[in-house]
Amino acid sequence: MSKPRAAQLLLLLFILLAGSLTMILQKWVGNITLYQAELEERRLVLHEAILNNQLPPGYTSWKSLGANGINIRVATVYLAEKIHRITNISILKIYKLIDTGALFISMLLLVAYLRKTSPPIYTLIGLLYFAAILPLTYFFAVFHPWDRLSLVCWIALLILLRSERHIAFTALLAISITVKYDTLLLPSLYFLANVAKYNWPRVVVSSALMFTVSFGVWIGLRIILPGGFEDKNVAGQLLINLSDFRSNLFYYPPLLSFIAPILLALIGFRYSDRFSRASVIFGILLFVPFIILANFIEIRTQIPILILLLPSSLIGLKTL
């Protein structure tokens, strides 16, 4: 078989696999967890609250609604509402369609990203491990319709950053903040992957400009849409996370998800290119804000860290 023909067949197989995995997860996992009928009313309440930046009757704060800090995650909510008004399809069905499309695209982008550093067989292993972890992302959540779309942004941003397409990266970075602002610190990866003695002034300035864009959009959203953020009790959050860990121990989702990728990434670290090594460092550092500011058991928030680890993890696996 000729190389172009083989490459086309390989691409088709990855597309079919991504489609199959997406359907399995959305139908057989999603329908009994995130999309179950019992959650529909609460999801609609949260949709309206974010859409109008207004608390529903009976609630005195966004924290009491279980939505502290999410009122500025507006891109997915506005998109769903716009489609609903044009098509008259129900809001919750639109959210599921957005989730499904974004999950499929994220798998294809992951294949494209991993192929930069890994041969097809290891790219396949990376995709399958990613898919094996995804069922855990359907739990411990009621209304987080931006997670899949944010994951698309994350992987696309990593592709752009690795390709040194910095203007496109910065533009997409600004958009991603309106989806979910966990990309806020991503310019740090650019700094880690590029800074050296001979170029540090240019890299520092470029990093500062990228941070200006990301924090500028975030601050702008908070000014335009006030009231959604309340102070977080760091000590209290740490106690919650410790309690969750003690309650679950060997079944704790972050432990199950990351122990193998981290160990393999450490093994593959010295054999990885600079961008992959910087990604490992940045990914491990990202655990800190997730541990002190969020419910760490909610593995859905940490999937971008897995993407950061995978290139070096696959190199570690190949080394073994």
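Structure's up top.
This section reports on the structure supplied with the text. (Residues numbered from 1 in each chain as written. Predicted model: local features only at pLDDT ≥ 70, side-chain atom pairs only at ≥ 80, totals over all residues. Heavy atoms only, no water.)

Some words on helix H10 (residues 234-248)
Piece 1. Taking 1.5 Å of rise per residue, 15 residues should cover 21 Å, and H10 covers 21 Å from first to last C-alpha, within 8% of that figure.
Piece 2. A distance of 3.3 Å separates the backbone nitrogen of Ala 235 from a side-chain oxygen at the start of H10, and that oxygen is part of Asn 233.
Piece 3. Leu 249 sits one or two positions beyond H10 and adopts a positive phi of about 45 degrees. (Helix = DSSP H or I, 4+ residues; strand = E, 2+ residues; numbered from the N terminus. Expected span 1.5 Å × (residues − 1). Polar contact = N/O pair within 3.5 Å; in protein donor to acceptor, adjacent residues only side chain to side chain.)

Focus: a nonpolar patch on the surface
Piece 1. On the surface, a nonpolar cluster with roughly 1200 Å² of combined accessible area is contributed by Leu 239, Leu 242, Phe 245, Leu 249, Phe 250, Tyr 251, Leu 255, Leu 256, Ile 259, Leu 263, Leu 266 and Ile 284.
Piece 2. Those elements that place two or more of their residues in the nonpolar patch are H10 and helix H11 (253-268).
Piece 3. Looking at the nonpolar patch element by element, the count peaks at 5 residues for H11. (Patch = residues over 30% accessible without salt bridge, like charges linked within 9 Å, V, L, I, M, F, W, Y side chains within 5 Å. Areas by Shrake-Rupley, 256 points an atom, 1.4 Å probe, with all protein chains shown as cover. Salt bridge = Lys/Arg side-chain N within 4 Å of Asp/Glu carboxyl O.)

Topic: helix H2 (residues 40-52)
Piece 1. Here H2 is 13 residues long and its end C-alpha atoms lie 18 Å apart, about the 18 Å a rise of 1.5 Å per residue gives.
Piece 2. Those residues of H2 that are buried are in contact with helix H3 (75-87) and helix H4 (91-114). (Contact = heavy atoms within 4.5 Å.)

So, the environment of Tyr 122
Piece 1. Among the structural elements, Tyr 122 can be located in helix H5 (residues 120-133).
Piece 2. Tyr 122 sits 34 residues away from Ala 156 along the chain, and the two C-alpha atoms are 20 Å apart.
Piece 3. Setting aside its immediate chain neighbours within four residues, Tyr 122 contacts Leu 314, Leu 317 and Lys 318.

Concerning the pattern of salt bridges
Piece 1. Taken as a whole and assessed by the stated rule, the structure comprises 6 salt bridges.
Piece 2. Between Glu 81 and Arg 85 there is a salt bridge, with the nearest N and O atoms lying 2.8 Å from each other. Of the two residues, Glu 81 and Arg 85 both sit in helix H3, 4 residues apart, roughly one turn of that helix.
Piece 3. Residue Lys 180 pairs with Asp 147 through a salt bridge whose shortest N-O separation is 2.9 Å. One end of the pair, Lys 180, is in the loop between helix H7 (166-179) and helix H8 (187-194); the other, Asp 147, is in helix H6 (residues 147-162), and 33 residues separate them in sequence. Each member of the pair, Lys 180 as well as Asp 147, carries the same accessibility label: buried.
Piece 4. Where salt bridges share partners, they join Asp 147, Lys 180, Asp 182, Glu 298 and Arg 300 into one cluster. (Buried < 20%, exposed > 50% of the residue type's maximum accessible area, 1.4 Å probe, protein only.)

Structural measurements only, silent on function.
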